[in-house]
Amino acid sequence: MNEYAKQVLELRRKQAPWETEFLQSVEELFESIGDVIESDPRIKQYRILERLTIPERIVTFQVPWVDRNGEIQVNTGWRVQFNGALGPYKGGLRCHPSVTLSTLKFLGFEQTFKNALTTLPMGGGKGGSDFDPKGKTELEVMNFCNSFMRELYRHIGAQVDVPAGDLGVGAREIGFFFGAYRRLANNYSGVLTGKGVGWGGSLVRAEATGFGAIYFVQHMLEELKDTIAGKRIIISGFGNVAWGTALKASRLGARVIAISGPDGYILDEAGINEEKAAYMLELRASGRDIVSPYADKFPGSKFVAGRRVWEVPADIAMPCAIQNELNGDDAELLAKNNVRMVAEVSNMGCTPEAIAAFRKHGIIFAPGKAVNAGGVATSCLEMSQNAGHCNWGAEEVDARLHSIMTGIHATCVKYGRKESGEIDYVAGANIAGFIRVANAMIAQGL
Ligand code: GLU
């Protein structure tokens, strides 16, 4: 790692050693940008690394709400407005018991470079709460959303900060957040994305992260003079992102043979088609957080209790659940099973040990900030439609999404191609995103 980068990482480590996820994401980026720092003295002169590793603003607030028994519950809410050099802060809200400020700082940091890669005018931000939507009644979720927005509404706006969904925040929660916002602010604008189609949402937004990930994989395969048809894919997660991925993969003739949930995984050699993918969504919406009923519904498939999907032999692995879900041992297992490619769809889904193992075994790996950028890119398309008071057809949105993913892949190739001809997608994504943000920061002064 470059000396200046090392110093700044050390500084952040001393300041908050407990922010392990945030430090992991900073280290990963810093590992990639040594040559850029050395070739451009302005990076150090303008103290870009110090400034990039402190969010421009963090809002922390209490979220008191009333449960079904009339008892008062209290959660913590956060919005991390990480970097606004390229546009209004943009990024999702995550509601999950595992959420801490470190989680949201890592997600906001990643988001900044992901959004830069899309080339669209978006800064990076992230927010959320340690609220657990699992097992809550609809009224409890609404009470929580109303209380959360009662504080957040004064910090966001279509030109200021535009939150969206993430883990635990889907269409229903965005509806409640938006309803609360417009009543409090007396303002109907594109202040949130992922809205319902019919009241400001964009067609294809729900599918976009998964569709974009598969478009990216198609380009990765094209580099190898190969195609996606017939490829066997394994996926972790069974939420919105996994659904979109399975849907697009099956439409293009690939076979998603395994998906997983917290209770184990489903093995379905026939592949997950549209009907089965739709059932995945139903399972998710049931709020029970299990995949086992899939095997009862679709004969020929099998539920493997308590085990992880990475043990299934396949061509391509796509983690679609949560950070650090695929570790070094899992990566060794993938290598043993001759998996050729890992396209990370979750944010920082693979640990540094896993990425090192991919390198060692020649498994081609593309990071989440490139692969999953189709979600936030389509959020920006939603913002464009809101600002222009119009709705685009599904084909138009999908075509734009496709061309954005093609652009991101080309950028990764441009900055990540090694002398050997191989593509280092991690370096490509990090370098390209960093240069764009750093240049904007330098141009905008202090
Ligand atoms: N939460 C998604 C992400 O990680 C989407 C963010 C958005 O649409 O603003 O990129």
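Residues numbered from 1 in each chain as written. Predicted model: local features only at pLDDT ≥ 70, side-chain atom pairs only at ≥ 80, totals over all residues. Heavy atoms only, no water.

## A look at the nonpolar core
In terms of nonpolar packing, the biggest core is built from 61 residues, with F216, I233, I259, M318 and I408 touching the most fellow members. Here this core gets 9 residues from one element, more than from any other, and that element is helix 9 (residues 205-223). If we ignore the near neighbours within four places in the chain, the residues touching F216 are A366, A370, V371, M405, I408, H409, C412 and Y425. Counting 37 residues, the second-largest nonpolar core is a separate cluster that includes L9, L49, W78 and F106. (Core = buried A, V, L, I, M, F, W, Y, C linked by side-chain atoms within 4.5 Å. Buried < 20%, exposed > 50% of the residue type's maximum accessible area, 1.4 Å probe, protein only. Helix = DSSP H or I, 4+ residues; strand = E, 2+ residues; numbered from the N terminus. Contact = heavy atoms within 4.5 Å.)

## Notes on the side chain of Q385
The topology assignment puts Q385 in helix 16 (residues 373-387). In contact with Q385, other than residues within four places in its own chain, are S202, C390, N391, W392 and V397.

## Notes on the packing of helix 2 (residues 20-32) against helix 6 (residues 101-117)
Relative orientation and spacing of two packed helices are given, respectively, by the angle between their axes and the distance between those axes. Between helix 2 and helix 6, the shortest axis-to-axis distance is 6 Å and the interhelical angle comes to 25 degrees. Between helix 2 and helix 6, the crossing angle belongs to the class labelled roughly parallel. Contact with helix 2, carried on its side by T20, E21, F22, S25, V26, E28 and L29, involves S102, T103, K105, F106, F109, E110 and F113 of helix 6 and no other residues of that element. A class-by-class count of the residues in the contact of helix 2 with helix 6 yields 6 nonpolar, 4 polar and 4 charged. (Axes fitted to C-alpha atoms, helices over the stretch in contact; angles between N-to-C directions. Parallel < 35°, antiparallel > 145°, perpendicular 65-115°, else oblique. Nonpolar A, V, L, I, M, F, W, Y, C, P; charged D, E, K, R; others polar.)

## What to know about the pairing of strand 5 (residues 161-164)
A regular strand places its side chains so that they alternate between the two faces of the sheet. Taking every second residue as pointing to the same face, both faces of strand 5 are buried, with D161 and P163 on one and V162 and A164 on the other. Here 4 bridges tie strand 3 (residues 89-95) to strand 5, and the two strands are oriented parallel to one another. When the sheet's bridge partners are listed, G92 is paired in strand 5 with A164. (Pairing = 2+ DSSP bridges.)

## Overview of the site of the ligand
Inspection of the region around the ligand gives 13 residues, with K90, K114, G165, D166 and S379 positioned closest. Between the ligand and the protein, one listed contact pairs a nitrogen atom with a side-chain N or O atom of D166 at 2.8 Å. Between the ligand and the protein, one listed contact pairs an oxygen atom with a side-chain N or O atom of N347 at 3.1 Å. Alone, the ligand offers 300 Å² of accessible surface; in the complex the protein occludes 93% of this. Those elements that provide at least two residues to the shell around the ligand are strand 3, helix 6 and helix 16. The leading source of residues in the shell around the ligand is strand 3, at 3 residues. (Near = heavy atom within 4 Å. Polar contact = N/O pair within 3.5 Å; in protein donor to acceptor, adjacent residues only side chain to side chain. Areas by Shrake-Rupley, 256 points an atom, 1.4 Å probe, with all protein chains shown as cover.)

## Some points on unusual backbone geometry
Excluding glycine, residues mostly carry a negative phi; peptide bonds, for their part, are mostly trans. One non-glycine residue with positive phi stands out, namely V204, at about 70 degrees. Tracing the chain through its elements places V204 in the loop between helix 8 (171-185) and helix 9. One non-glycine residue, M348, lies in the positive phi region at around 50 degrees. Tracing the chain through its elements places M348 in the loop between strand 11 (341-343) and helix 14 (352-361). We classify M348 as buried; its relative accessible area is 3%.

## With respect to the sheet that holds strand 5
Read from one edge to the other, the open sheet built from 5 strands follows the order 1-2-4-3-5, with strand pairing classed as mixed. The sheet is open, and its two edges are formed by strand 1 (57-66) and strand 5, each paired on a single side. The average angle at which neighbouring strand axes cross in this sheet is 20 degrees, direction not considered. Across 6 bridges, strand 2 (residues 72-83) lies against strand 4 (residues 123-129) in antiparallel orientation. What sits directly across from N83, in strand 4, is G124.

## Regarding the pattern of salt bridges
Enumeration according to the criterion identifies 31 salt bridges in this entry. One salt bridge connects E151 with R154, and the closest N-O pair in it is separated by 3.6 Å. In this structure, the salt-bridge partner of E223 is R417, at a minimum N-O distance of 3.4 Å. Placement of E223 in helix 9 and of R417 in the loop between helix 17 (394-416) and helix 18 (425-444) is noted, with a sequence separation of 194 residues between them. (Salt bridge = Lys/Arg side-chain N within 4 Å of Asp/Glu carboxyl O.)

## Side note on the sheet that holds strand 7 (residues 255-261)
Strand order in the open sheet made by the 7 strands is 9-8-7-6-10-11-12, with mixed pairing throughout. Looking at strand neighbours, the two that pair on one side only are strand 9 (302-305) and strand 12 (364-366), the edges of this open sheet. Averaged over neighbouring strand pairs, the angle between their axes works out to 15 degrees when direction is ignored. As judged from the 4 bridges shared by strand 8 (residues 264-267) and strand 9, these two strands associate in the antiparallel manner. Across the sheet, G264 pairs through a bridge with A305, a residue of strand 9. Contacting strand 6 (232-236), strand 7 and strand 10 (316-319), helix 10 (residues 240-251) runs over the sheet at an angle of about 170 degrees to strand 6.

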